[in-house]
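Tertiary structure, described
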Amino acid sequence: MSENTAPIKRWYVLQAFSGFEGRVAKTLIEYIKQHNMEDQFGEVLVPTEEVVENIAGKRRKSERKFFPGYVLVQMEMNDDTWHLVRSVPRVMGFIGGTPDKPAPISKREADTILNRLQQDGDKPRPKTLFQPGEEVRVTEGPFMDFNGTVEEVDYDKSRIKVSVSIFGRATPVELEFRQVEKAV
C-alpha cells in the first residue's frame, strides 16, 4: 500500500460495562502495545468533566463521565483492530453500524466531544445540574429548609434564581449552587 492510500484513523464509540470505562481504556492501551499495533490506533478516551460539589460545607472537585458506559477510540478499522478491541474484557461492542462493520462517528461529533473536553479543563462544572421548573430545597442562608422552584440557572457564575413561597407569596431569591439541593 502506498503512503497516499494509507487508512485514516477515525473515531469509534465502544460500549463498556458501566463503571469499568477507565479499566477498559487502560486494558485496550495495554493490548495495543502487546500486539505492536500502535500505528493503527490513536487516542483512547473516557470523556470526563471536572465537577465541583459541596460536601459538609467544603468544595470538592471530582470527575464525572459525561458519556457513562462509553469509551472513544481513534483507530483504523480492519479485521485485526476489530478483533483486538472485541477481545478486551468488559467491552460489549461498538456503537453505530452493524456488529460486524461498525460505523465511525462523524468528524463534527468527534470535534464536539473533544472541544467539550478542552473547555471543561478550563472551568469545573457543578456536580448537580439544575433545570428551570425543578423543585429544590435551600440548605443554607436565611431561607434554609424552604422549598422552591428553579426559575433561572447561571452556570458561569454558579448561581441559581429560585422562587420561594414566603407567607403564601412567591419570592424570587438568588442563591449559590452550594446553597441548594434537589428536592426529594
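Reading the values: the criteria
- Residues numbered from 1 in each chain as written.
- Predicted model: local features only at pLDDT ≥ 70, side-chain atom pairs only at ≥ 80, totals over all residues.
- Heavy atoms only, no water.
- UniProt positions renumbered as here; feature names shortened; annotations may be inferred.
- Helix = DSSP H or I, 4+ residues; strand = E, 2+ residues; numbered from the N terminus.
- Buried < 20%, exposed > 50% of the residue type's maximum accessible area, 1.4 Å probe, protein only.
- Contact = heavy atoms within 4.5 Å.
- Areas by Shrake-Rupley, 256 points an atom, 1.4 Å probe, with all protein chains shown as cover.
- Salt bridge = Lys/Arg side-chain N within 4 Å of Asp/Glu carboxyl O.
- Core = buried A, V, L, I, M, F, W, Y, C linked by side-chain atoms within 4.5 Å.
- Pairing = 2+ DSSP bridges.
- Axes fitted to C-alpha atoms, helices over the stretch in contact; angles between N-to-C directions.

The name given to the protein in an unreviewed UniProt entry is Transcription termination/antitermination protein NusG, with the source organism recorded as Testudinibacter aquarius. Reading the Sequence similarities (unreviewed entry) entry of the UniProt record for the protein gives the comment "Belongs to the NusG family." In the Function (unreviewed entry) part of its UniProt record, the protein is described as follows: "Participates in transcription elongation, termination and antitermination."

**Concerning the overall build of the protein**
Secondary structure assignment for the protein yields 3 helices and 12 strands. Expressed as a percentage of its 184 residues, the buried residues of the protein come to 33%. Contacts in the protein between residues far apart in sequence, at least 24 positions, make up 59% of those at least 6 positions apart. Total accessible area on the protein stands at roughly 11800 Å², and carbon and sulfur atoms take up 49% of it.

**Topic: the UniProt feature "domain: KOW" (unreviewed entry) in the protein**
The positions that UniProt labels "domain: KOW" (unreviewed entry) are, in the present scheme, residues 129-156. Across residues 129-156, helical content stands at 0% and strand content at 43%; the span's end C-alpha atoms are separated by 13 Å.

**A short note on the pattern of salt bridges**
Within this structure, the stated rule accounts for 10 salt bridges. Note that Arg178 is salt-bridged to Glu140, the shortest N-O span being 2.3 Å. Of this pair, Arg178 sits in the loop between β11 (169-176) and β12 (180-182) while Glu140 is found in the loop between β8 (135-138) and β9 (147-154), placing the two residues 38 residues apart along the sequence. Overall, Glu140 belongs to the partly exposed group, its relative accessible area being 29%.

**Section: the nonpolar core**
Among the nonpolar cores identified, the biggest contains 19 residues, and Leu14, Leu28, Phe41, Val71 and Val73 are the most heavily contacted of them. Mapped onto this core, the elements with two or more residues apiece are β1 (10-16), α1 (21-34), β2 (41-45), β5 (70-75), α2 (79-86) and β6 (91-95). The dominant element in this core, judged by the number of residues it contributes, is α1, at 4 residues. Residues within four places of Val73 in sequence aside, it is in contact with Arg10, Trp11, Tyr12, Leu14, Leu28, Phe41, Glu43 and Val44. In this structure, Val138, Val164, Val173 and Phe177 belong to the second largest nonpolar core, which totals 12 residues.

**Some details on the sheet that holds strand β10 (residues 159-166)**
Within a sheet, adjacent strands bond to each other through the backbone by hydrogen bonds, running parallel or antiparallel. Spatially, 5 strands are ordered β11-β10-β9-β8-β12 in an open sheet, and the strand pairing comes out antiparallel. Both edges of this open sheet fall to β11 and β12, since each of them pairs with a single strand only. With strand direction ignored, the average angle separating the axes of adjacent strands in the sheet is 45 degrees. In this sheet, β11 lies alongside β10 in antiparallel orientation, the contact comprising 8 bridges. Considered in β11, the bridge of Arg159 is made with Glu176.

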